[in-house]
Amino acid sequence: MSEEIIVVEGNGTLTGEVRVSGAKNSALKLLAATLLGQGPSVVRNVPLISDIEVMSEVLRTLGAAVTREGHAVTVDTADVSSFETPYELVSKMRASISVLGPLIGRFGRARVAMPGGCQIGARKIDMHLAGLEHLGVEFTVDHGYLEANAPDGLHGAEVMLTFPSVGATENLLMAAVTAEGTTIIENAAREPEIVDLCNMLNEMGCKVTGGGTPSITIEGVDLSELHPCDHVTVGDRIEAGTFLVGGALTGGPLKVTGIDPRFLRMALMKLREMGCDVETGEDWIGIARTGELRPVEIQTLPHPGFPTDLQAQFMLLAALADGNSVITENVFENRFMFAAELCRMGANITIEGHHAFIQGVKSLQGAPVSSTDLRAGGALVLAGVIAEGQTTVHEIRHIDRGYEDYAGKLQSLGADVKRVKA
């Protein structure tokens, strides 16, 4: 099959209203959590993206029946008997490692291929393993597979994470729900997607409190007490942030719906700092800009800090600001690969370690560029919208991993964007 590319004719237009899909980073983990329900759970507001297809295949290989109707995915895990995920699937997406926790919670053991995914940093899983060891899990590595076993059963423990890792928090949560006694996760990740997972686990009969705070408490229950549920995924704050950056670039006005503005407090603060008018409602955010883009200083940090998944989009904004900006990447060490592609379009960016120094330019020029990762791909298409001439974005499989119908949504806002065969 020939590769598809996205072709953008710069017209500087993004205006109107767009609805975001369900959160990719939430839906993937909610699907993994259905393993604990031992029956047909329904997860709603699930985005139509390739990563969800991979997770669905992972669940099928474990013995689950997975069906989809629009944005609702039904996962029947009653007949799941396998606890092994194959390399072919896990190598496509590192989020596949999130079945480790629920498999341990259900079977007391798991055999999971070591993860792959975006090449934006080591993202090692040492913290996942160290945390699970506190619960009584023993690990060995065998020919590229991680073998987990709890020979004496799972028991509650107090676990202090050295970093508020989202993945480690999620895997610990999903294993600890069936551990005997109480588990407390200290320095837990606080992302909205963690809260979403805690809510779904409670709907399944788990006893989890403290989601969204640095200290999560899990009272273990017997596996037999857990049951399927029907859950609606929260809106995708990163997709929302991406469209808001688009509105900031072009001036808008643009309205993003289907998102809780509280998920994006830091990003909205930075948009206002850069000269944008931002309005919010219960489930929408509006943006417009009439003056120059102002320079900004950003440091990526775990939630509620500035999200690393919006760093590339804001680097694009800073590249067109009137002055010098600094972005410091504290979460993933290879997240600046995007800068070289933006420089091909005329941006002036210098990288020194985990700092990016951005000298604003008046305009960008269309050019052939390649997505280096999911969020960089989304930002490059936006760059094409406000660049002079034509931009062709390659490696758009990265974009398809996390943005549902990205080109179509941008078209609906007036952009001249289309997918074509390369």
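Residues numbered from 1 in each chain as written. Predicted model: local features only at pLDDT ≥ 70, side-chain atom pairs only at ≥ 80, totals over all residues. Heavy atoms only, no water.

### Section: the overall build of the chain
Now for step 1: When helices and strands are tallied, the chain shows 14 helices and 24 strands.
Now for step 2: Projected onto its principal axes, the C-alpha coordinates of the chain cover approximately 65 × 45 × 40 Å.
Now for step 3: Within the chain, contacts between residues at least 6 apart in sequence are counted, and of these 72% link residues at least 24 apart.
Now for step 4: Here the chain displays about 15,800 Å² of accessible surface, and carbon together with sulfur accounts for 49% of that area.
Now for step 5: Side-chain charges of the chain comprise 33 positive and 53 negative groups, with the mean position of each set lying 4 Å from the other. (Helix = DSSP H or I, 4+ residues; strand = E, 2+ residues; numbered from the N terminus. Contact = heavy atoms within 4.5 Å. Areas by Shrake-Rupley, 256 points an atom, 1.4 Å probe, with all protein chains shown as cover. Lys, Arg positive; Asp, Glu negative; His and termini not counted. Charge placed at Lys NZ, Arg CZ, Asp CG, Glu CD.)

### What to know about the confidence of the model for the chain
Now for step 1: Averaged over all residues, the pLDDT of the chain equals 94, while 97% of them reach at least 70.
Now for step 2: Contacts for the low-pLDDT stretch residues 116–123, under 50 throughout, to residues beyond four places or in other chains number 24 contacts. (pLDDT = per-residue confidence, 0-100.)

### Some details on the pairing of strand β21 (residues 355–359)
Now for step 1: Of the two faces of β21, the one lined by Ala 356 and Ile 358 is fully buried and the one lined by His 355, Phe 357 and Gln 359 carries no buried residue.
Now for step 2: Sheet topology note: the strand β20 (residues 348–352)/β21 ladder contains five bridges and is antiparallel. Directly across from Ile 351, in β21, lies its bridge partner Ala 356.
Now for step 3: With antiparallel pairing between neighbouring strands as the criterion, β20 and β21 make up a hairpin whose turn holds two residues, including Gly 353 at a positive phi of roughly 60°. (Buried < 20%, exposed > 50% of the residue type's maximum accessible area, 1.4 Å probe, protein only. Pairing = 2+ DSSP bridges.)

### Observations regarding the packing of aromatic side chains
Aromatic ring pairs are defined here through the distance separating the ring centres and the angle between the ring planes.
Now for step 1: Under the definition given, this model contains four aromatic pairs.
Now for step 2: Considering the side-chain rings of Phe 83 and Phe 107, the 6.1 Å spacing of their centres and the 50° angle between planes classify their relative orientation as tilted. Here the residue Phe 83 occupies a position in the loop between β5 (72–76) and β6 (84–85), and Phe 107 occupies one in helix α4 (residues 100–107), the gap between them amounting to 24 residues.
Now for step 3: Note on Phe 83: relative accessible area 23%, which makes it partly exposed.
Now for step 4: When its relative accessible area of 28% is taken as the criterion, Phe 107 is described as partly exposed.
Now for step 5: Measuring from centroid to centroid gives 5.9 Å for Phe 243 and Tyr 406, while their planes differ by 50°, and the two rings are tilted. With Phe 243 in helix α8 (residues 237–250) and Tyr 406 in helix α14 (residues 406–412), the pair connects residues that are 163 residues apart, well separated along the chain. (Phe/Tyr/Trp six-rings, centres within 6.5 Å; stacked < 30°, edge-to-face > 60°.)

### Brief notes about helix α9 (residues 265–273)
Now for step 1: Where α9 is concerned, the buried positions are Ala 267, Leu 268, Lys 270 and Leu 271. In an axial view of α9, the angular spread of the buried residues amounts to 160°, which keeps them on one side of the axis.
Now for step 2: In this structure, the buried residues of α9 make contact with α8, β16 (277–280), β17 (284–288), β18 (297–299) and α10 (311–319).
Now for step 3: Downstream of α9 by a residue or two, Gly 275 has a phi angle that is positive, lying close to 100°. (Arc of directions from axis to C-beta.)

### Some points on the sheet that holds strand β1 (residues 4–9)
In a beta sheet, neighbouring strands are held together by backbone hydrogen bonds and run either parallel or antiparallel to one another.
Now for step 1: Spatially, the four strands line up as an open sheet ordered β22-β23-β1-β24, and their pairing is mixed. Two strands close off the open sheet at either side, each with one partner strand: β22 (368–370) and β24 (416–421). On average, adjacent strands in this sheet sit at an angle of 25° to one another, irrespective of strand direction.
Now for step 2: The pairing of β1 with β24 spans six bridges and is classified as antiparallel. Within β24, the position partnered with Val 8 by the bridge is Val 417. (Axes fitted to C-alpha atoms, helices over the stretch in contact; angles between N-to-C directions.)

### Examining the nonpolar core
Now for step 1: Among the nonpolar cores identified, the biggest contains 75 residues, and Leu 271, Phe 314, Met 315, Leu 342 and Leu 364 are the most heavily contacted of them.
Now for step 2: Per element, the largest residue contribution to this core is nine residues, and it comes from helix α12 (residues 374–386).
Now for step 3: Filtering out sequence-adjacent residues up to four positions away, Met 315 remains in contact with Ile 327, Phe 336, Phe 338, Ala 339, Leu 342, Ile 349, Ala 356 and Ile 358. (Core = buried A, V, L, I, M, F, W, Y, C linked by side-chain atoms within 4.5 Å.)

### Quick look at the packing of α10 against helix α11 (residues 337–344)
Now for step 1: Running from N to C, α10 and α11 point in directions that differ by 35°, and their axes come no closer than 11 Å. You can see that α10 and α11 cross each other, and the crossing is right-handed. Counting all contacts with α10, which are made through Ala 312, Met 315, Leu 316 and Ala 319, the residues of α11 involved are Phe 338, Ala 339 and Leu 342.
Now for step 2: A per-class count over the contact of α10 with α11 returns seven nonpolar, no polar and no charged. (Left-handed = near helix turned anticlockwise from the far one by under 90°. Nonpolar A, V, L, I, M, F, W, Y, C, P; charged D, E, K, R; others polar.)

### Overview of the pairing of strand β15 (residues 254–257)
Now for step 1: Bridging between strand β2 (residues 16–19) and β15 involves four bridges; their strand directions are parallel. Residue pairing for β15: Glu 17 is matched across the bridge by Lys 255.
Now for step 2: Relative to β17, β15 is paired through four bridges, and the arrangement is antiparallel. Bridge pairing in β17 places Lys 255 opposite Gly 286.

### As for unusual backbone geometry
Now for step 1: Here the residue pair Gly 252 and Pro 253 is connected by a cis peptide bond, since its omega of -5° sits within 30 degrees of zero.
Now for step 2: One can find Pro 253 in the loop between α8 and β15.
Now for step 3: Residue Pro 304 is reached from His 303 by a cis peptide bond, and omega for that bond is 15°.
Now for step 4: Within the secondary structure, Pro 304 is located in the loop between β18 and α10.
Now for step 5: Even without being a glycine, Asn 45 presents a positive backbone phi close to 60°.
Now for step 6: The class for Asn 45 is partly exposed, based on a relative accessible area of 27%.

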